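As a plain string of letters, each chain reads:
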Amino acid sequence: MVLWFNKKRIGIDLGTANTNVYVEGKGIVIGEPSVVALEKETGDIVAVGEDANNMIGRTPGSIVATRPMKDGVIADFDTTAAMMEYFINKTSSRFGSKPQVVICVPGGGTEVEKRAVVDAARLAGASDAFLIEEPFAAAIGADLPVNEPTGSMVVDIGGGTTDVATISLGGIVSGRMNRSAGDAMDEAITSYIRNKYNLLIGERTAESVKIELGSASVEAAKELGETEIRGRDLVTGLPQTISIKATDISEAISEVVSNIMSIVKETLEDTPPEISADVIDRGIVLTGGGALLNGLAEVISNETDVPVFVANDPLNCVAMGTGLTLKHVEILQRKKL
């Protein structure tokens, strides 16, 4: 998701996993996990961002560290609003009035989900809130010619959602969204290791092993070797260290990768012939943290017979795309959802 402010203009990529803040004239000035630590009894906020993320799995019983965003939408309204307020205040404490906000939402979000985002932004201190679609912002950040009469295709794989869209003349021509993304891979890895090795690991360990050994194909995984992971043995209840192979991780996330492939193909099937021809010529661009998965571009290219490229700095494409639109406020207002 992305936020934009009038006057002193700021863009915020408010994602399921991470939040990036873009300030006009300065670029991205904040990049922190979308995590909030709360006092259980009072609901008071203990920490936000990186400080809260360091508490995951390590908090006492009186404190809970949580992600208020789930699958690209708000799971905890009040906590999301508080987190948004924290990031707004951290970069805009000099504002004398409430800022306007532009929020980027997943392409397949429902009207209820969109309204919740708008309401949370207003509760966080925004005077008004506008919505734009996430794959469009990602395409701008990836330097695709979104306003030209030529077709472009972007696959944005974030923490909570994967958004696929073809874009031409400033709008989305066809698109799909599903919940098969980075978090789903982490959950699949956790489940796989629990079932195969009787070892319970935390979400941070799952994410770490995904980054180190994750691969979209078993063949590519064979070259990545193995690593040691630590967790709790479900039989003895004691801490245990095991060696895990990259091929295990590839097998664990294979269903998630297959789901991503499915929506890429479905989007191409819905794309008009002229746009499809442009996509074949220009290729498909991958953005988001999931774009860094080893071998994913090659797997998608082999399945679709279309060239596939990873964007420069894929993690920051949505935030950068918002920053590049800050000088064209009137366009965003005309596209208000």
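Residues numbered from 1 in each chain as written. Predicted model: local features only at pLDDT ≥ 70, side-chain atom pairs only at ≥ 80, totals over all residues. Heavy atoms only, no water.

- Per an unreviewed UniProt entry, the chain is named Cell shape-determining protein MreB, and its organism is Atopostipes suicloacalis DSM 15692.
- Quoted verbatim from the Function (unreviewed entry) field of the UniProt record, the comment on the chain reads "Forms membrane-associated dynamic filaments that are essential for cell shape determination. Acts by regulating cell wall synthesis and cell elongation, and thus cell shape. A feedback loop between cell geometry and MreB localization may maintain elongated cell shape by targeting cell wall growth to regions of negative cell wall curvature."
- Per UniProt, the chain has the following entry under Subunit (unreviewed entry): "Forms polymers." (UniProt positions renumbered as here; feature names shortened; annotations may be inferred.)

### Describing the overall build of the chain
Step number 1: For the chain, the helix and strand inventory stands at 13 helices and 19 strands.
Step number 2: The buried share among the 337 residues of the chain stands at 53%.
Step number 3: Across the chain, contacts joining residues at least 24 apart in sequence account for 62% of those joining residues at least 6 apart.
Step number 4: When the accessible surface of the chain is split by element, carbon and sulfur atoms take 48% of a total near 15000 Å². (Helix = DSSP H or I, 4+ residues; strand = E, 2+ residues; numbered from the N terminus. Buried < 20%, exposed > 50% of the residue type's maximum accessible area, 1.4 Å probe, protein only. Contact = heavy atoms within 4.5 Å. Areas by Shrake-Rupley, 256 points an atom, 1.4 Å probe, with all protein chains shown as cover.)

### Regarding empty space enclosed by the protein
Step number 1: Per the stated rule, a full pass over the model turns up one cavity of 30 Å³ or more.
Step number 2: Roughly 40 Å³ of volume is contained in the largest cavity.
Step number 3: The element that contributes the greatest number of residues to the lining of the largest cavity is helix α6 (residues 203–213), accounting for three residues.
Step number 4: Of the residues in the lining of the largest cavity, the class split is one nonpolar, one polar and five charged.
Step number 5: Built from parts of two domains, the lining of the largest cavity gets at least three residues from each of domain 1 (9–136 + 318–335) and domain 3 (182–253). (1 Å grid on protein atoms, 1.4 Å probe; cavity = no way out; pocket = protein on both sides within 12 Å on 5 of 7 lines; lining within 4 Å. Points joined across faces, edges and corners; volume = space filled by probe spheres on them. Nonpolar A, V, L, I, M, F, W, Y, C, P; charged D, E, K, R; others polar. Domains from an automatic or database assignment.)

### Overview of the nonpolar core
Step number 1: Core analysis: the largest hydrophobic core is formed by 44 residues, its most contacted members being I189, I193, I284 and L286.
Step number 2: The leading source of residues in this core is helix α9 (residues 254–269), at seven residues.
Step number 3: Here L286 is in contact with V155, A291, L296, A297, I300, V308, F309, V310, A311 and P314, once residues within four sequence places are set aside.
Step number 4: Among the nonpolar cores identified, the runner-up in size contains 27 residues, and I30, M69, I74 and A120 belong to it. (Core = buried A, V, L, I, M, F, W, Y, C linked by side-chain atoms within 4.5 Å.)

### A short note on the domain arrangement of the chain
Step number 1: On domain assignment, one finds that the chain holds domain 1 (9–136 + 318–335), domain 2 (145–180 + 254–312) and domain 3 (182–253).
Step number 2: Distance between the C-alpha centres of domain 1 and domain 3: 30 Å.
Step number 3: Every contact between the two is made by seven residues of domain 1 and, on the other side, five residues of domain 3.
Step number 4: Buried area between domain 1 and domain 3, summed over both chains or domains, comes out near 530 Å², and the portion from carbon and sulfur atoms is 29%.
Step number 5: By the criterion of area lost to domain 3, the three top residues of domain 1 are I56, R67 and K70, representing 61% of everything that side buries.
Step number 6: The interface formed by domain 1 and domain 3 holds two salt bridges in total.
Step number 7: Remark: the boundary between domain 1 and domain 3 carries three residue pairs in polar contact (both at pLDDT 80 or more).
Step number 8: In the side of domain 1 that touches domain 3, the residues fall into one nonpolar, three polar and three charged. (Buried area = accessible area lost by both parts, 1.4 Å probe. Salt bridge = Lys/Arg side-chain N within 4 Å of Asp/Glu carboxyl O. Polar contact = N/O pair within 3.5 Å; in protein donor to acceptor, adjacent residues only side chain to side chain.)

### A short note on the layout of surface pockets
Step number 1: Reported here for the largest pocket is a volume of approximately 890 Å³.
Step number 2: Every residue lining the largest pocket is counted, 42 residues in all, and those nearest its centre are A17, N18, E207, G289 and L315.
Step number 3: Elements that contribute at least two residues to the lining of the largest pocket include exactly β2 (10–14), β3 (18–23), α1 (50–53), β12 (152–157), α5 (182–197) and α6.
Step number 4: Here the lining of the largest pocket gets six residues from one element, more than from any other, and that element is α6.
Step number 5: A per-class count over the lining of the largest pocket returns 15 nonpolar, 16 polar and 11 charged.

### Notes on the sheet that holds strand β16 (residues 226–233)
Step number 1: If you walk across this open sheet you meet the three strands as β15-β16-β17, and the pairing is antiparallel. Of all the strands in the sheet, just β15 (199–200) and β17 (239–245) have a single pairing partner and so form its edges.
Step number 2: Across seven bridges, β16 lies against β17 in antiparallel orientation. Directly across from G231, in β17, lies its bridge partner Q240.
Step number 3: Along the sheet, α6 makes contact with β16 and β17, crossing β16 at roughly 165°. (Pairing = 2+ DSSP bridges. Axes fitted to C-alpha atoms, helices over the stretch in contact; angles between N-to-C directions.)

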